[in-house]
Amino acid sequence: MRHWVQHLDAECAGEAAALRAWSGDGAVRLLRDDPPTATLLLERLHAPRSLTALPDPREAVTVLGTLLSRLTARPAPPGIRRLGDIAQGMLDRTPRALDTEPDPAVRALLRDCAAALREVADEPGDRLLHWDLHHGNVLAADRAPWLAIDPKPLAGDPGFELLPALVNRYDPADTPWRFDALTAALGLDRDRARAWTLARVLQNRLWQLADPTAPRPIPDPRLEVGAVLRGR
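Quick caveat: nothing in here was measured; it's all calculated off a predicted structure.

Asks: A description of the side chain of Thr72 should follow, citing residues and the corresponding values.
Replies: Here Thr72 shows up in the loop between α2 (57–71) and α3 (83–100). One polar contact links the side chain of Thr72 to the main-chain carbonyl oxygen of Leu68, over a distance of 2.6 Å. Those residues within four positions of Thr72 in sequence are excluded, and the remaining contacts are Arg127, Leu128, Leu129, Pro158, Glu161 and Leu186.

Put into structure tokens, the structure is as follows:
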């Protein structure tokens, strides 16, 4: 067993409800929780063995796609934050962000990301999303080869889940293959998945622009993925 103690905030507020909904199917099993302190008692996993240890990055992406297909198969339980609200907030902040973005090429990309988001924002979806399924949030287990941990639950479209799998262990040449593999694994409409992934690129840049201390890698894999998907 493992105790997980965290600061209670908007991102982790629905974690216990999400873990209960998954009931161990693709995710770590919740044994007990204490809502006032956000303390979770979880099954024991092999913490030193995360998905980052797989030598083949494409195999790791395949694992992520398989897990996401299972996790997003369920409707979100009541009370989970909704992607529709987050999407509208992003659109509301975009005009100011465009005024503060110093790079003209990035400004053009953000405009295209916002335009893509507007195309899908009126149908934000109702699936239970993990929202942060990257290689470090997938651990080996005794009862399953790999299980997801540390969700930041959302109710929304599974297309919003793809960006971490596209940028972790980033390989520019692999972006088209990864996008195709993930959309196929989840059975997603490619155009909608592209739009929601561009929305996720926009979201990340909005965070960076709002916080001068936020890391800004150069080159930024998220912006590079956005540029590739924009042209597809």
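Read on for the rest.
Asks: Outline the packing of helix α4 (residues 104–120) against helix α8 (residues 221–230), listing residues and values.
Replies: Axis separation between α4 and α8 bottoms out at 10 Å; the angle between their running directions is 60°. Viewed along their axes, α4 and α8 adopt a mutual orientation that is oblique. As α4 runs across α8, the sense of the crossing is left-handed. Contacts between α4 and α8 pair Val106, Ala108, Leu109 and Asp112 from the former with Leu223, Gly226, Ala227 and Arg230 from the latter. The class makeup of the residues in the contact of α4 with α8 is five nonpolar, one polar and two charged.

Asks: Can you tell me about the pattern of salt bridges, naming the residues and giving the values?
Replies: Applying the stated criterion across every chain yields a total of 13 salt bridges. We note a salt bridge from Arg74 to Asp25, for which the minimum N-O separation is 3.2 Å. Separated by 49 residues along the polypeptide, Arg74 in the loop between α2 and α3 and Asp25 in the loop between α1 (15–22) and β2 (30–34) bring together distant segments of the chain. When its relative accessible area of 23% is taken as the criterion, Arg74 is described as partly exposed. Residue Asp25 is classed as partly exposed on the basis of its relative accessible area, which comes to 26%. Between Glu123 and Arg192 there is a salt bridge, with its nearest N and O atoms 4.0 Å apart. On the criterion of sequence distance, the pair formed by Glu123 in the loop between α4 and β5 (127–129) and Arg192 in helix α7 (residues 190–210) is long-range, its members being 69 residues apart. In this structure, a network of salt bridges that share partners links the residues Asp25, Arg70 and Arg74.

Asks: Before we move on, can you summarise the packing of aromatic side chains with the specific residues and values?
Replies: Geometry of an aromatic ring pair is reported as the spacing of the ring centres plus the angle between the planes. Inspection of every chain in the model, using the stated rule, returns two aromatic pairs. Both rings, one in Phe160 and one in Trp196, keep their centres 6.0 Å apart while their planes meet at 85°; by these two values the pair is edge-to-face. With Phe160 in the loop between β8 (154–156) and α5 (163–167) and Trp196 in helix α7, the pair connects residues that are 36 residues apart, well separated along the chain. By the burial criterion, Phe160 is buried, and Trp196 matches it. Geometry around Phe160 places Arg200 over its ring, the cationic atom sitting 5.1 Å from the centre.

Asks: If you had to explain the environment of Met90 to someone new, which residues and values would you point to?
Replies: Relative to the assigned elements, Met90 resides in helix α3. Overall, Met90 belongs to the buried group, its relative accessible area being 0%. C-alpha of Met90 to C-alpha of Glu123: the two residues are 33 residues apart in sequence and 15 Å apart in space. The contact partners of Met90, leaving out residues within four places of it in the chain, are Leu117, Phe160, Ala199, Leu202, Gln203 and Leu206.

Asks: Which residues make up the sheet that holds strand β6 (residues 138–140), and what values do they have?
Replies: Across a sheet, strands are paired by hydrogen bonds formed along the backbone, either parallel or antiparallel in direction. With antiparallel pairing, three strands are arranged side by side in an open sheet as β4-β6-β7. Either end of the sheet is taken by a strand with one partner, and the two such strands are β4 (46–50) and β7 (146–148). The sheet shows a mean angle of 55° between the axes of neighbouring strands, taken without regard to direction. Pairing of β4 with β6, which is carried by two bridges, proceeds in the antiparallel orientation. Each bridged residue has a counterpart across the sheet, and for Ser50 the counterpart in β6 is Leu139. In the packing of α2 onto the sheet, contacts are made with β6 and β7, and the angle to β7 comes to roughly 55°.

Procedures and definitions
- Residues numbered from 1 in each chain as written.
- Predicted model: local features only at pLDDT ≥ 70, side-chain atom pairs only at ≥ 80, totals over all residues.
- Heavy atoms only, no water.
- Helix = DSSP H or I, 4+ residues; strand = E, 2+ residues; numbered from the N terminus.
- Polar contact = N/O pair within 3.5 Å; in protein donor to acceptor, adjacent residues only side chain to side chain.
- Contact = heavy atoms within 4.5 Å.
- Axes fitted to C-alpha atoms, helices over the stretch in contact; angles between N-to-C directions.
- Parallel < 35°, antiparallel > 145°, perpendicular 65-115°, else oblique.
- Left-handed = near helix turned anticlockwise from the far one by under 90°.
- Nonpolar A, V, L, I, M, F, W, Y, C, P; charged D, E, K, R; others polar.
- Salt bridge = Lys/Arg side-chain N within 4 Å of Asp/Glu carboxyl O.
- Buried < 20%, exposed > 50% of the residue type's maximum accessible area, 1.4 Å probe, protein only.
- Phe/Tyr/Trp six-rings, centres within 6.5 Å; stacked < 30°, edge-to-face > 60°.
- Lys NZ or Arg CZ within 6 Å of the ring centre and 35° of its normal.
- Pairing = 2+ DSSP bridges.

Any link to function would need more than the numbers given here.
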